[in-house]
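# Architecture and fold: a report
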Number of protein chains: 2
Amino acid sequence: MSDRKYSIGVDFGTESGRAVLVDVSNGHEVATAVYQYANGVIDENLPDTDIPLDPDFALQDPNDYLDVFKKTIPAVLHESGVSPEDVIGIGSDFTACTVLPTKADGTPLCFLPEFRNNPHAWVKLWKHHAAQPEANQLNDAAKSLGYEFLDRYGGKISSEWFFPKLWQTLDEAPEIYAAADRYIEAADWVIWMLSGVETRNNCTAGYKAIWSKKDGYPPKEFFKALNPQLENVVDEKLSRQIAYLGDRAGTLTAEAAAWTGLKEGTPVAVANVDAHVSVPAATVVESGRMVIIMGTSNCHMVLGDSENIVPGMCGYVEDGIIPGFFGYEAGQSCVGDHFAWFVENCVPQSYHQDAASKGLDIHAYLEEKAASLLPGESGLLALDWWNGNRSVLVDVDLTGLLIGQTLATKPEEMYRALIEATAYGTRIIIETFEQHGVPVNEIVATGGLPDRNLLLMQIYADVTGREIRVSAAKQTPALGSAMFGAVAAGKAAGGYDTIYAASQAMAHLRDELYIPNPEHQAVYDQLYAEYVRLHDYFGRGENDVMKRLKSLKVSVLKSS
Amino acid sequence: MSDRKYSIGVDFGTESGRAVLVDVSNGHEVATAVYQYANGVIDENLPDTDIPLDPDFALQDPNDYLDVFKKTIPAVLHESGVSPEDVIGIGSDFTACTVLPTKADGTPLCFLPEFRNNPHAWVKLWKHHAAQPEANQLNDAAKSLGYEFLDRYGGKISSEWFFPKLWQTLDEAPEIYAAADRYIEAADWVIWMLSGVETRNNCTAGYKAIWSKKDGYPPKEFFKALNPQLENVVDEKLSRQIAYLGDRAGTLTAEAAAWTGLKEGTPVAVANVDAHVSVPAATVVESGRMVIIMGTSNCHMVLGDSENIVPGMCGYVEDGIIPGFFGYEAGQSCVGDHFAWFVENCVPQSYHQDAASKGLDIHAYLEEKAASLLPGESGLLALDWWNGNRSVLVDVDLTGLLIGQTLATKPEEMYRALIEATAYGTRIIIETFEQHGVPVNEIVATGGLPDRNLLLMQIYADVTGREIRVSAAKQTPALGSAMFGAVAAGKAAGGYDTIYAASQAMAHLRDELYIPNPEHQAVYDQLYAEYVRLHDYFGRGENDVMKRLKSLKVSVLKSS
């Protein structure tokens, strides 16, 4: 035992899980270990079988999650040389909504031989998109019956969320639905496996399962209207008892201590979501400062002092990110994916050759060329809807647009136009928040893009007119989970009593600061006005050409 | 001397001139020779000097034109073994509007040492774009003074045409203007050099110099309003005597006979324009059949029985293509150029590699992939305005648009969308003609694209709902000129008395026929409706975003 205390954060991603062992006094990341899921994303056949999956299915194997604990925690202990005595707490965050059916003791149905060959017995990963019919019916019912909860979710419940996925199980595999004593977020399930205690965190309950602190779940009548068998779904398969972020779920069982090498009785934090746990890890525990997780997509989170209906956001949850605040979330479904698509499909051979001769990766080469352009110089403007629009239009059927091409248009100009389009998309989110009572004065960025694309960061500052700072953490979600682990331990045990205190001590920003350039802002204000006009024209029903093209495409392919 | 008679057509292009020796009985192209202009397109320095040219200047050296006669005609005689006795006529066509100042005897001012260093003494090529200020002033004056002649030209006189170019000379080089006894189309000048007779053909006079059979040139008051020195420009520098297509300009002089190896006294046809001379060479000498010259741009020509104002066309001229008809012309400024831009800027490395491994040129590879798609399958739609819109919007400030992209969008889908966009552009031209009394029942294609891109031809048939045939001539304009050479000779000399008779005997179509596919038509009708809606929204003033982006670009670059 030493004076220094440590906590461990475990971040469950789409392809792998990662543990980070952190110095509780200052948030220093002492050791990291990653475990690639053996069965990864299951979207073709069930493991070790020829049983094919329908399109849009995306499953996972819960055993992979247990292996993350078994492999990575011993590894970070070993690497750091830290004694288990000095690990005061453990926290964990997960993708969401990622759900599974279990028996009453938490045993996943897919672990049972009689259910192993049924896809619905497995984990439905966040990007499982096969429950769209159920989502559509649920939304139609909520609208026609006049339920106001839709307002908390930008007017629409996503097919990715809890009840559509659960309902799909009832529709397509009633025997699985009947055999499931519990239906639970994987986030909560892994905490159950560590602590032996079934909890349901308020973050996923609020953002994914239509629960709110004020109103709880939708009433039985609503579920009955969907399907009589769902009338008592909450009491039969979920729980009305909700655990809050910052609380302790329980302590490590002897079995989990044996898996991990940690001490039995080590405090375990209530489960969290990868995006939301990043907020305090990015130093944000107050209103007015937006965290943007920038990667393949953008996730925008901001804390509000009061409850506000902001049209087109993904959701808001009281205490859903940080206790005492309304946690607001919005998103852009195509950011890094946009640039990856462009590089794969639109960059000519000569650019690859030039990049290679300069020893640059193609993204870096394009960035260098795009950075030499002035705002407005390309004459191009794009709508960043290659993967639909999550906020503020909440419409997956929207598609991309690029306007202003001439015979002199160069690839780096199109590339820059795509970057700018995502920045305009972020600005429209910020302005929508501010118009509805949720101020955004500053931005803190985290995720993969801020490291790799400095041009993008400056463009975001210029377009939004906000200063942007960058989280210093190498693994922001895992750090956030470790912070919640330290809060689960409490101050008396060498941790912290609140996530505010943990954030102040353990979360840091880099020195770099992106300051809006007033000349660029003036040009971008003009371009943004044009963006908004096209955004509204194509996105708000004036000309639904994108949807008509999409449905024509579907009908052409169907009849071929 | 033999029973077989021949005529020679000489086609003057942008980079070279070409002679074709043709069998008058059947149009068979017996021999061809090409001469690349020694001074090509002069757009940097005047030849053999350091004298720089302003941007947008594009000049030529008239000596290159004479060299075309001197090199190519002897070559085709030599290659064919045909006796000059058996060459009964010669015709020629030229780019237009391509103009030069000369002395009274036809000597170009740039041949005179005292003017050789002045750019305005040289030929201004059709794509010389430096007379835009004069074009703008001319259009403003015509509009404000209420001159109706603008209606004959889609509402606008182009900076490429005769009077803007002439006026620029007066503005910027008054000494050249003063020294010029004549200002003349290069088309007419080369005929002058062959025959010793100055003529002015009704085709360039009508399409480029605001002349009409009914009203002649604009009145003196109009020219005086532009600049008092221009009051008598027609009488001082041009001529009110107009020669008609199908007439004989004169006969070969002794000097020109010595250059060419032809017989002195060989009949020489009145000058023609490359596009217009292609119409009878593509078998079209009646109304209702549109000829489209498909290359870097598209030029659409159709004969009408009556005079109609068709909004947004390039112009119409009575007897301007074929005697007895109103010749209507429209155009699309970016067709082959579009595909070339795409291939240069947007096709990824892997496609080039795959094409190479299949032994295909990249256009052919893209065509193969694009051809495997169904209409509507890509979900994409484009506006074909990368180089502005010539017809029917007559607006050089419009730019491109591509809509409907997703993360699954492939290069061949974008490529096909560009092809389809040019087909929609052609359909809008056809429909505009038909709505204003000029029927288009069938299409005859000529130019470079029909040979190379069969997919494009089928798409044009499907989109326009018209059957398309292809001219059989290898060199359609040169064949047309040879046909007019045979008409200049007349039936008595072994030629023809009319261009109708010449066309019937000498012009042919290929066997291949592109027939609209009714299923494809049904899909394209829907896509075309979307195209028209976007065309009108962005092109007719509802949202001038393209122009605002363009002017922002200009102002950004200016202030940098």
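Residues numbered from 1 in each chain as written. Chains lettered and ligands numbered in written order. Predicted model: local features only at pLDDT ≥ 70, side-chain atom pairs only at ≥ 80, totals over all residues. Heavy atoms only, no water.

## A few points about the overall build of chain A
Keep this limit in mind: Think of it this way: any DSSP run of H or I at least four residues long counts as a helix, any run of E at least two long counts as a strand, and we number them from the N terminus. When a residue's accessible area, from a 1.4 Å probe over protein chains only, is under 20% of the maximum for its type it is buried; when over 50% it is exposed; and in between it is partly exposed. A contact between two residues is defined here by any heavy atoms of the two lying within 4.5 Å. Accessible areas in this description were obtained via Shrake-Rupley with a 1.4 Å probe; residue shielding takes into account the shown protein chains only. All tallies of charge rest on Lys and Arg as positive and Asp and Glu as negative; His and the ends of each chain are not included. To locate a charge, take atom NZ for lysine, CZ for arginine, CG for aspartate or CD for glutamate.
Along the backbone of chain A there are 20 helices and 20 strands. Sorting the 560 residues of chain A into buried and exposed places 62% on the buried side. Sequence separation of 24 or more characterises 72% of the internal contacts of chain A that already satisfy a separation of 6 or more. Taken as a whole, chain A presents about 19,300 Å² of accessible surface, with 48% of it coming from carbon and sulfur. Side-chain charges of chain A comprise 44 positive and 75 negative groups, with the mean position of each set lying 1 Å from the other.

## Focus on the interface of chain B and chain A
The following threshold applies: In this description, buried area is defined as the sum, over both parts, of the accessible area (probe of 1.4 Å) that is lost when the two are combined. A carboxyl oxygen of Asp or Glu within 4 Å of a side-chain nitrogen of Lys or Arg is what we treat as a salt bridge. Residues are grouped as follows: nonpolar covers Ala, Val, Leu, Ile, Met, Phe, Trp, Tyr, Cys and Pro; charged covers Asp, Glu, Lys and Arg; every other residue, Gly included, is treated as polar. When DSSP finds at least two bridges between two strands, those strands are taken to pair.
Residue-level contacts link 54 residues of chain B with 55 residues of chain A. Buried area between chain B and chain A, both sides added, is near 4,700 Å², and the carbon and sulfur share of it is 61%. Where chain B packs against chain A, one counts 2 salt bridges. Arg548(B) serves as the salt-bridge partner of Glu530(A), at 2.4 Å between the closest nitrogen and oxygen. Counting residues per element, the ones that place at least two in the side of chain B that touches chain A are α11 (336-346), α12 (349-357), β17 (400-403), α14 (411-435), α19 (518-539) and α20 (545-558) of chain B. A class-by-class count of the residues in the side of chain B that touches chain A yields 27 nonpolar, 18 polar and 9 charged. When strand β17 (residues 401-405) of chain A meets β17(B), the two strands line up antiparallel, connected through 4 bridges. Bridge assignment links Ile403(A) to a residue of β17(B), and that residue is Leu401(B).

## A few points about the packing of α14(B) against α19(B)
All names here are of chain B. What counts, and what does not: Helix axes use the C-alpha atoms of the stretch in contact, all axes being lines fitted to C-alpha atoms, and the angles between their N-to-C directions lie in the range 0 to 180 degrees. Angular relationships are summarised with four words: roughly parallel below 35 degrees, roughly antiparallel beyond 145, roughly perpendicular across 65 to 115, and oblique for the angles in between.
Interaxial distance between α14 and α19 falls to 10 Å at its minimum, and their mutual angle equals 75 degrees. The angle between the axes of α14 and α19 places the two elements in the roughly perpendicular class. Contacts between α14 and α19 involve Arg-416, Glu-420, Ala-421, Tyr-424, Gly-425, Arg-427, Ile-428 and Glu-431 from the first element and Tyr-524, Asp-525, Leu-527, Tyr-528, Tyr-531, Val-532 and His-535 from the second. Taken together, the residues of the contact of α14 with α19 break down into 8 nonpolar, 2 polar and 5 charged.

## Observations regarding the sheet that holds strand β12 (residues 288-294) of chain B
All names here are of chain B. Taken in spatial order, the 7 strands line up as β14-β15-β13-β12-β18-β19-β20 in an open sheet, and their pairing is mixed. Strands with a single pairing partner mark the edges of an open sheet, and in this sheet they are β14 (315-318) and β20 (509-514). Averaged over all neighbouring strand pairs, the angle between strand axes comes to 25 degrees, with direction disregarded. Relative to strand β15 (residues 326-332), strand β13 (residues 298-304) is paired through 7 bridges, and the arrangement is antiparallel. Within β15, the position partnered with Cys-299 by the bridge is Gly-331.

## Let's talk about the pairing of β13(B)
Residue and element names in this part refer to chain B. Across the 7 residues that make up β13, a large majority, 7, are buried. Two strands pair when backbone bridges link them, and β12 and β13 are joined in this way by 4 bridges, in the antiparallel orientation. Within β13, the residue paired with Ile-293 across the bridge is Cys-299. Counting the residues that bridge the hairpin from β12 to β13 gives 3 residues.

## Quick look at the nonpolar core
Test applied: We call a set of buried Ala, Val, Leu, Ile, Met, Phe, Trp, Tyr and Cys residues a nonpolar core when their side-chain atoms join them within 4.5 Å.
Formed by 152 residues in total, the largest nonpolar core has its most connected members in Ile403(A), Phe433(A), Phe538(A), Ile403(B), Phe433(B) and Phe538(B). With near-sequence residues (within four places) excluded, Ile403(A) lies in contact with Gly379(A), Leu380(A), Leu381(A), Leu534(A), Gly400(B), Leu401(B), Phe538(B), Val545(B), Met546(B) and Leu549(B).

## A word on the relation of the copies chain B and chain A
One copy of the chain maps onto the other through a rotation about an axis plus a displacement along that axis. The cut-off we apply is this: When the copies are overlaid, the least-squares fit takes in C-alpha atoms only where the residue has pLDDT of at least 70 in both copies.
Between the two copies, chain B and chain A, the superposition gives an RMSD of 0.1 Å; the rotation angle is 180 degrees and the shift along the axis is 0.0 Å. Accordingly, the operation relating the two chain copies is best matched by a two-fold axis. Here 100% of the interface residues in chain B have copies in chain A that are interface residues too; the copies meet face to matching face.

## Looking at unusual backbone geometry
Note on backbone geometry: most residues besides glycine have negative phi, and most peptide bonds are trans. A cis amide bond links Ala96(A) with the next residue in sequence, Cys97(A), at an omega value of -5 degrees. Positionally, Cys97(A) belongs in the loop between β5 (87-94) and β6 (99-102). Cis peptide bonds are those with omega within 30 degrees of zero, and the linkage from Ser391(B) to Val392(B) qualifies with 5 degrees. Relative to the elements of secondary structure, Val392(B) occurs in the loop between β16 (381-383) and β17. Of note, the phi angle at Asp56(A) is positive, near 75 degrees, even though the residue is not glycine.

## Examining the pattern of salt bridges
Throughout the structure, instances matching the rule amount to 46 salt bridges over all chains. Here Lys103(A) ties to Asp181(A) by a salt bridge, and the two come within 3.7 Å at their closest N and O atoms. Separated by 78 residues along the polypeptide, Lys103(A) in the loop between β6 and β7 (123-124) and Asp181(A) in the loop between α4 (174-179) and β8 (182-185) bring together distant segments of the chain. Between Arg4(B) and Asp23(B) there is a salt bridge whose closest N-O contact spans 2.7 Å. Here Arg4(B) is found in the segment before β1 (6-12), whereas its partner Asp23(B) is found in strand β2 (residues 16-23), with 19 residues between them in sequence.

## With respect to the side chain of Thr409(B)
Within the secondary structure, Thr409(B) sits in the loop between β17 and α14. The exposure class of Thr409(B) is buried, given its relative accessible area of 1%. Other than its neighbours up to four places away in sequence, Thr409(B) contacts Trp341(A), Asn345(A), Leu380(B), Gly404(B) and Met414(B).

## Structural notes on a negative patch on the surface
All names here are of chain A. Operational definition: Patches here are clusters of residues that have more than 30% relative accessible area and form no salt bridge, with a 9 Å joining cutoff for like charges and a 5 Å cutoff for nonpolar side chains (Val, Leu, Ile, Met, Phe, Trp, Tyr).
Together, Asp-54, Asp-56, Asp-171 and Glu-172 make up a region of like negative charge exposed at the surface. Along the chain, the position of Asp-171 falls in helix α3 (residues 162-172). By relative accessible area, which is 39% here, Asp-171 ends up partly exposed.

## Some points on the packing of aromatic side chains
Let me state the cut-off plainly: Each pair of aromatic rings taken from Phe, Tyr and Trp, with Trp reduced to its six-membered ring, is defined by centres within 6.5 Å and is described as stacked if the planes are under 30 degrees apart, edge-to-face if over 60, and tilted in the remaining cases.
Throughout the structure, instances matching the rule amount to 56 aromatic pairs over all chains. Consider the rings of Phe162(A) and Tyr183(A), whose centres lie 5.7 Å apart with planes at 85 degrees: the pair is edge-to-face. A residue pair is termed long-range when its members are at least 10 positions apart, and Phe162(A) in helix α3 and Tyr183(A) in strand β8 qualify at 21 residues. For Phe162(A), a relative accessible area of 3% corresponds to the buried category. Judged by centre distance (6.4 Å) and plane angle (45 degrees), the rings of Tyr424(B) and Tyr528(B) are tilted. Placement of the pair is Tyr424(B) in helix α14 and Tyr528(B) in helix α19, with a sequence separation of 104 residues. On the accessibility criterion, Tyr424(B) (1% relative accessible area) is buried. Within the aromatic cluster, the residues linked to one another by ring pairs are Tyr147(A), Phe149(A), Phe162(A), Phe163(A), Tyr183(A), Tyr217(A), Phe222(A) and Phe223(A).

Such coordinate-based values are descriptive only and should not be taken to indicate function.
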